[in-house]
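Listed below, chain by chain, are the residues.
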Amino acid sequence: MADAKNATRKGSATLSLPLNKIVQGDCIDVMNSLPEKSVDVIFADPPYNMQLKETLSRPDNSKVDGVHDAWDKFSSFNAYDEFTYRWLDAARRVLKDTGTIWVIGSYHNIFRVGTALQNLEYWVLNDVIWRKSNPMPNFRGTRFTNAHETLIWAAKSADKGGYTFNYDAMKAMNDDTQMRSDWTLPICSGGERLKNGDKKAHATQKPESLLYRVLMSSTKPGDVVLDPFFGTGTTGAVAKKLGRDFIGIEREDEYIKVAMERISNVKRLDDETLGFTQSKRAQPRVPFGSIVERGMIEPGTTLYDCKRKYTARVRTDGTLITDMEKGSIHKVGASVQGAPACNGWTFWHVEQKGELLPIDFFRQQVRAEMN
């Protein structure tokens, strides 16, 4: 995978897909110049339009390094909405039909963004609450501490399926418990916070742990991840580490310089480490007949349920037969129990050395070879 050694400046000609590079320019223009339906996932951290009117101070009168940058200032809500519709429309064009988009925001903008997403016919899959474990306090004591941000995860439209969701990997990351839509993660601080001298390199730098979870949940190694508001390159750094390709779009020279240096120091994980728990639906299909033809289970073998209450014999074509029924491992398993359905792979067992072994053991062996 190539490093982002140089930023590509957008010209008048249409760009090919600039993998693992930062394209300098306006995100709307750049996205409109990219090939249609060419990226798998978009992560967007757009301006929040925070409408700050004065400098914030701590109780000791020191100044809070908040968001006062020109890129976060809009003349009105209407101007912000127009900008939001334009970049989301450009993003939808470049997103594959099986792709998804993540947009993060605060109470200042996320509701307006959500309205735009739905009006543009994106299909919201989840809203995720990022609960900050170490939020900045409300120094004036005039309102609740703002301790969370919201991410909206959406598909391209209601009829566009086939998107990636690594359910089993998320469950494995969460101690074998289904991952919820409220994520407790720290804000970017300490050694992770990039600086120019004594000042933050970027006012709204996101923690790598947040992007790690986003990309682990909704992408696969080799996928293309686009970040239209690249900033100091958190998306690129995590994508490179996890073996995903990235495209960054950024206007500011200062941010690009920091991002390129940061990403150049990131090492991609090796292929073995990049493996993760895949859902059974994503794994190669293995018919029981292929287990029989390989000789892993011989025709005529007796299969048992785990309590040895039911038995069936294996036929040459991989079907089973009992005194009352014949058919697939699933059909016969359901029939002997009087159940509407059955997972024959986990229901039926073969005896080896006096112990019962689930026939799924052999399917996993075949899958390991196929992978």
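Predicted model, so just to flag it, every value in this text is computed and none were measured. (Residues numbered from 1 in each chain as written. Predicted model: local features only at pLDDT ≥ 70, side-chain atom pairs only at ≥ 80, totals over all residues. Heavy atoms only, no water.)

Student: It is not clear to me how the pattern of salt bridges should be interpreted in this structure. Could you clarify?
Tutor: When charged atoms on two side chains of opposite charge get close, those side chains can pair. The full count for this structure, using the stated rule, is 14 salt bridges. Here Asp182 and Arg180 are joined by a salt bridge, their closest N and O atoms 2.8 Å apart. Here Asp182 falls in the partly exposed class, since its relative accessible area comes to 36%. A relative accessible area of 59% places Arg180 in the exposed class. Arg308 is paired through a salt bridge with Glu351; the nearest N and O atoms lie 3.5 Å apart. Residue Arg308 is found in the loop between β12 (302–304) and β13 (311–314), and its partner Glu351 is found in strand β16 (residues 349–352); the two are separated by 43 residues along the sequence. (Salt bridge = Lys/Arg side-chain N within 4 Å of Asp/Glu carboxyl O. Buried < 20%, exposed > 50% of the residue type's maximum accessible area, 1.4 Å probe, protein only. Helix = DSSP H or I, 4+ residues; strand = E, 2+ residues; numbered from the N terminus.)

Student: Help me understand the packing of helix α2 (residues 77–94) against helix α3 (residues 110–119), please; the structure alone is not making it clear to me.
Tutor: Each pair of packed helices can be summarised by the angle the axes make with each other and by the distance between the axes. α3 packs onto α2 with a crossing angle of 45 degrees between their chain directions and a minimal axis gap of 10 Å. In terms of orientation, α2 lies oblique with respect to α3. The handedness of the crossing between α2 and α3 is right-handed. Note on element contacts: α3 touches α2 through Arg112, Val113, Thr115, Ala116, Leu117 and Asn119, opposite Phe77, Tyr80, Asp81, Thr84, Tyr85 and Leu88. Residue classes in the contact of α2 with α3 are distributed as seven nonpolar, three polar and two charged. (Axes fitted to C-alpha atoms, helices over the stretch in contact; angles between N-to-C directions. Parallel < 35°, antiparallel > 145°, perpendicular 65-115°, else oblique. Left-handed = near helix turned anticlockwise from the far one by under 90°. Contact = heavy atoms within 4.5 Å. Nonpolar A, V, L, I, M, F, W, Y, C, P; charged D, E, K, R; others polar.)

Student: I would appreciate a short explanation of the side chain of Thr150 in the present structure.
Tutor: Here Thr150 shows up in strand β6 (residues 148–155). By relative accessible area, which is 14% here, Thr150 ends up buried. When residues no more than four places from it in sequence are discounted, the contact partners of Thr150 are Val103, Ile104, Gly105, Ile110, Asp127, Val128 and Ile129.

Student: Would you explain the packing of helix α5 (residues 208–218) against helix α6 (residues 234–241) in this entry?
Tutor: Running from N to C, α5 and α6 point in directions that differ by 55 degrees, and their axes come no closer than 9 Å. Between α5 and α6, the interaxial angle falls into the category oblique. Between α5 and α6 lies a crossing of right-handed hand. Taking contact as the criterion, the partners of Glu208, Leu211, Tyr212 and Leu215 in α5 are, on α6, Thr234, Thr235, Ala237, Val238 and Ala239. Across the contact of α5 with α6, the residue classes break down as six nonpolar, two polar and one charged.

Student: Please explain the sheet that holds strand β17 (residues 355–358) as it appears in this structure.
Tutor: Pairing between the strands of a sheet comes from backbone hydrogen bonds, and it takes one of two forms, parallel or antiparallel. Strand order in the open sheet formed by six strands is β15-β14-β13-β12-β16-β17, with antiparallel pairing between adjacent strands. Taken across any chain shown, the strands that pair with only one partner, and hence form the sheet edges, are β15 (326–327) and β17. Bridging between β16 and β17 involves four bridges; their strand directions are antiparallel. Each bridged residue has a counterpart across the sheet, and for Gln352 the counterpart in β17 is Glu355. (Pairing = 2+ DSSP bridges.)

Student: Honestly, the side chain of Ser157 in this entry has me stumped. Any pointers?
Tutor: Locating Ser157 in the fold gives a position in the loop between β6 and α4 (167–173). Only 2.5 Å separates the side chain of Ser157 from the side chain of Asp159, close enough to count as a polar contact. In contact with Ser157, not counting residues within four places along its chain, are Arg92, Glu121, Tyr122 and Trp123. (Polar contact = N/O pair within 3.5 Å; in protein donor to acceptor, adjacent residues only side chain to side chain.)

Student: Where do I start with the packing of aromatic side chains in this structure?
Tutor: Think of a pair of aromatic rings as described by two things: how far the centres are apart, and how the planes are tilted against each other in angle. Counted according to the given criterion, the structure contains 13 aromatic pairs. Judged by centre distance (5.7 Å) and plane angle (15 degrees), the ring pair of Phe230 and Phe246 falls under stacked. Of the two residues, Phe230 sits in the loop between β10 (224–227) and α6 while Phe246 sits in strand β11 (residues 245–250), which places them 16 residues apart along the sequence. Taken individually, Phe230 and Phe246 each receive the classification buried, so the pair is uniform in this respect. Consider the rings of Phe347 and Trp348, whose centres lie 4.8 Å apart with planes at 80 degrees: the pair is edge-to-face. Take Phe347: its relative accessible area is 13%, and that puts it in the buried class. (Phe/Tyr/Trp six-rings, centres within 6.5 Å; stacked < 30°, edge-to-face > 60°.)

Student: Whenever I open this one, the nonpolar core confuses me. Can you help?
Tutor: If you look at soluble globular proteins, the nonpolar side chains tend to sit buried side by side. Counting residues in each nonpolar core, the largest one holds 32 residues, and the members touching the most others are Ile42, Trp87, Leu88 and Ile101. Going through the elements one at a time, α1 (27–33), β3 (39–44), α2, β4 (95–105), α3, β6, β10 and β11 are the ones with two or more residues in this core. Among the elements that make up this core, the one with the highest residue count is α2 (seven residues). Residues contacting Leu88, with those up to four places away along its chain left out, are Ile101, Val103, Val113, Ala116, Leu117, Leu120 and Tyr122. Core analysis: the next-biggest nonpolar cluster, separate from the first, contains 31 residues, Val128, Trp153, Phe230 and Ala259 among them. (Core = buried A, V, L, I, M, F, W, Y, C linked by side-chain atoms within 4.5 Å.)

Student: What should I look at first to understand the pairing of β11 in this one?
Tutor: Remark: a regular strand shows side chains that alternate across the two faces of the sheet. The buried fraction of β11 amounts to six of the six residues, a majority that puts the element mostly inside the structure. Of the two faces of β11, the one carrying Asp245, Ile247 and Ile249 and the one carrying Phe246, Gly248 and Glu250 are both buried. Here strand β2 (residues 21–24) pairs with β11 via four bridges, running parallel. Counted as the bridge partner of Val23 is Ile249 from β11. Where β10 lies against β11, four bridges are found, and the strand directions are parallel. Bridge assignment links Leu226 to a residue of β11, and that residue is Ile247. Each parallel crossover has a hand, and for β10 linked through α6 to β11 it is right-handed. (Right-handed = clockwise from strand over helix to strand, strands pointing away.)

Student: Help me understand helix α10 (residues 329–337), please; the structure alone is not making it clear to me.
Tutor: Given 3.6 residues per turn, any residue in an α-helix points the same way as the ones three and four places further on. Taken together, the buried positions of α10 are occupied by Ile329, Val332, Gly333 and Ala334. Buried residues belonging to α10 abut α9 (288–293), β13, β14 (320–321), β15 and α11 (344–347). One or two positions beyond α10, positive phi appears at Gly338, with a value near 70 degrees.

Distances and angles like these do not, on their own, reveal function.
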